[in-house]
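Coordinates in review
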Amino acid sequence: AFGGVGASLRVFDAIEAGGARYTGAKAHTPFTVPFSLVRQFPFLIAGGELNEAQYEALVRVVEAFFREAPEGRYAQFQAFSLDEEKMAGFTESGVVHEGTLKALRRRVVRRAFANVFDQDGGTPITQLVGEVFAEGALSVFPTDHLSQEAERVVVLAVMSMVADAKTRGLDTDWARQIAGHPVVLAVDEAHNYLSRAETQQDREINEKFIAAAKQGRKNRLGLVLITQNPQDIHEGVLSQVSNRLLLGMERKMAEAAGAPGEFLRALPYFEKGRMVLNSPDNCQPVELLGLHFCVVKH
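Figured I'd write up the structure that's included with this text. It should be emphasised that the depicted structure is a prediction, and the values quoted were computed from it without experimental measurement.

Here's the deal with the nonpolar core
- Ranked by internal contacts, the top residues of the largest apolar core, which has 72 residues, are Phe35, Ile45, Leu58, Phe77, Phe117, Met159 and Trp174.
- Element by element, the count of residues in this core is highest for helix H7 (residues 148–167), at eleven residues.
- Leaving out residues up to four positions away in the same chain, Ile45 has contacts with Phe35, Val38, Leu58, Val62, Phe77, Arg107, Phe113 and Phe117.
- Listed in part, the ten residues of the second largest apolar core include Leu246, Ala257, Phe263 and Phe270.

Laid out in structure tokens, this is it:
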């Protein structure tokens, strides 16, 4: 009734070994996250368990691995990090403490990573950027079929590819393809990925997206954050979002989301479809009324 998106909709679903397969759309393209992306984004395998010293050690081990195997896969990295002879150079020189190495190894042997990187049956996402970022394309990455840890790796990988391609001018084929098109990146449940948490992984992601939000306009990058918990999004990222569409929410949430004062009392009582568009730098708050039914299948 409202035009829809038709043939411009493209669905890309990540493969997880031993996990459920995506069945939400008739036409979809299975993909895998190549471990080679970890060379650019070591935090993908850091998780919340590693502290700053452990993360620095992880970066050194990752760099050493890719010097030896530029296109190395995760299974090879596992073997590399568990090889006593190869790791001896790190521990004997004092670059990596033995206790730190043990923490890294506990992280690396996690089955979750082996199940998400370099999966057969899916095209590496770095080889699909021509389809994902084609002119006029609406590309969707569903994640409901993934485990929690696999979902985080997949979402952070896609987000980081976009952010770095747009702000750092990386000299790779996939980065040049992304940089060549205007991109609007919409992140659902954004508080899960740009959170106030203080793990090293969170700090790396937040710093990346604070920079992306600041430089986005000149690099033709738009950022849309969708969340029911705006108070959990890192304040540095949230402060860069100039246009806010606020639906019904509790007063504390409304305050955290920067709701205009005249709507703080009213927002908790907004019915479905009623919202406020707040853009402090551009105009006065505007109250809107959306459609009375949902136009998206989810």
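What to know about helix H9 (residues 200–215)
- The terminal C-alpha atoms of H9 lie 23 Å apart, and with 16 residues this matches the ideal 22 Å at 1.5 Å per residue to within 8%.
- Restricting attention to buried positions, one finds in H9 the residues Gln200, Gln201, Asp202, Ile205, Asn206, Lys208, Phe209, Ile210 and Ala212.
- Check the buried side of H9 and you find it contacts helix H1 (52–68), H7, strand E5 (183–187), strand E6 (221–225) and helix H10 (235–238).

As for the packing of H7 against H9
- With their axes 10 Å apart at the nearest point, H7 and H9 run at an angle of 40° to one another. Regarding the angle of H7 to H9, the classification is oblique. Relative to H9, H7 is oriented so that their crossing is left-handed. Each of Arg152, Leu156, Met159, Ser160, Ala163, Asp164 and Thr167 in H7 lies in contact with H9, whose residues at this interface are Gln201, Asp202, Ile205, Lys208, Phe209, Ala211, Ala212 and Gln215.
- Of the residues contributing to the contact of H7 with H9, the split by class is seven nonpolar, four polar and four charged.

Overview of the pattern of salt bridges
- Taken as a whole and judged by the stated rule, the model has 13 salt bridges.
- Its salt-bridge partner being Lys208, residue Asp164 comes within 2.8 Å of it at the nearest N-O pair. Linking Asp164 in helix H7 with Lys208 in helix H9, this pair joins segments that are 44 residues apart in sequence. Each of the two residues, Asp164 as well as Lys208, counts as buried.

So, the packing of H1 against helix H2 (residues 74–82)
- At a closest axis distance of 10 Å, the pairing of H1 and H2 adopts a crossing angle of 115°. The hand of the H1/H2 crossing is right-handed. Side by side, H1 and H2 meet where Leu58, Val61, Val62, Ala64, Phe65 and Glu68 of the first sit next to Gln76, Phe77 and Phe80 of the second.

What about the side chain of Gln119?
- Residue placement: Gln119 occurs in the loop between helix H5 (111–116) and strand E3 (123–124).
- In this structure the side chain of Gln119 is engaged in a polar contact, spanning 2.9 Å, whose partner is the backbone oxygen of Phe117.
- Not counting chain neighbours up to four residues away, the residues in contact with Gln119 comprise Ile15, Ala17, Thr32 and Ala114.

A short note on the environment of Gly236
- Within the element layout of this structure, Gly236 appears in helix H10.
- For Gly236, a relative accessible area of 16% puts it in the buried group.
- As for Gly236 and Asn206, which are separated by 30 residues in sequence, their C-alpha atoms are 7.6 Å apart.

Structural notes on the pairing of strand E2 (residues 29–32)
- Inspection of the sheet shows strand E1 (residues 9–14) paired to E2 by three bridges, in the parallel sense. Its bridge partner lying in E2, Ala14 is registered against Phe31.
- Pairing geometry for E2 and E3, over two bridges, is parallel. Note that in E3 the partner of Phe31 across the bridge is Thr123.

Observations regarding the packing of aromatic side chains
- Applying the stated criterion across every chain, the model contains 16 aromatic pairs.
- Measuring from ring centre to ring centre gives 5.8 Å for Phe41 and Phe43, while their planes differ by 45°; the resulting arrangement is tilted. As far as the burial class goes, Phe41 and Phe43 line up, both buried.
- Ring plane angle 35° and centroid distance 6.2 Å describe the contact between Phe113 and Phe117, whose orientation is recorded as tilted.
- Clustering of aromatic rings is evident, with ring pairs tying together Phe35, Phe65, Phe66, Tyr74, Phe77, Phe80, Phe113 and Phe117.

Re helix H4 (residues 98–108)
- Inspection of H4 places Thr100, Leu101, Ala103, Leu104, Arg105, Arg107 and Val108 among the buried residues, and these make up the whole buried set.
- The inward-facing, buried residues of H4 contact H1, H2, helix H3 (84–92), H5 and H7.

What to know about the sheet that holds strand E9 (residues 286–289)
- Pairing in this open sheet of three strands is antiparallel, and the strands run E7-E8-E9 from one edge to the other. With partners counted over all chains shown, the strands left at the sheet margins are strand E7 (244–246) and E9, one partner each. Sheet twist, expressed as the average angle between the axes of neighbouring strands with direction ignored, equals 25°.
- Across four bridges, strand E8 (residues 274–278) lies against E9 in antiparallel orientation. Each residue of the ladder has a partner; that of Met275, found in E9, is Leu288.

Here is what the cut-offs are and how they apply
Residues numbered from 1 in each chain as written. Predicted model: local features only at pLDDT ≥ 70, side-chain atom pairs only at ≥ 80, totals over all residues. Heavy atoms only, no water. Core = buried A, V, L, I, M, F, W, Y, C linked by side-chain atoms within 4.5 Å. Buried < 20%, exposed > 50% of the residue type's maximum accessible area, 1.4 Å probe, protein only. Helix = DSSP H or I, 4+ residues; strand = E, 2+ residues; numbered from the N terminus. Contact = heavy atoms within 4.5 Å. Expected span 1.5 Å × (residues − 1). Axes fitted to C-alpha atoms, helices over the stretch in contact; angles between N-to-C directions. Parallel < 35°, antiparallel > 145°, perpendicular 65-115°, else oblique. Left-handed = near helix turned anticlockwise from the far one by under 90°. Nonpolar A, V, L, I, M, F, W, Y, C, P; charged D, E, K, R; others polar. Salt bridge = Lys/Arg side-chain N within 4 Å of Asp/Glu carboxyl O. Polar contact = N/O pair within 3.5 Å; in protein donor to acceptor, adjacent residues only side chain to side chain. Pairing = 2+ DSSP bridges. Phe/Tyr/Trp six-rings, centres within 6.5 Å; stacked < 30°, edge-to-face > 60°.

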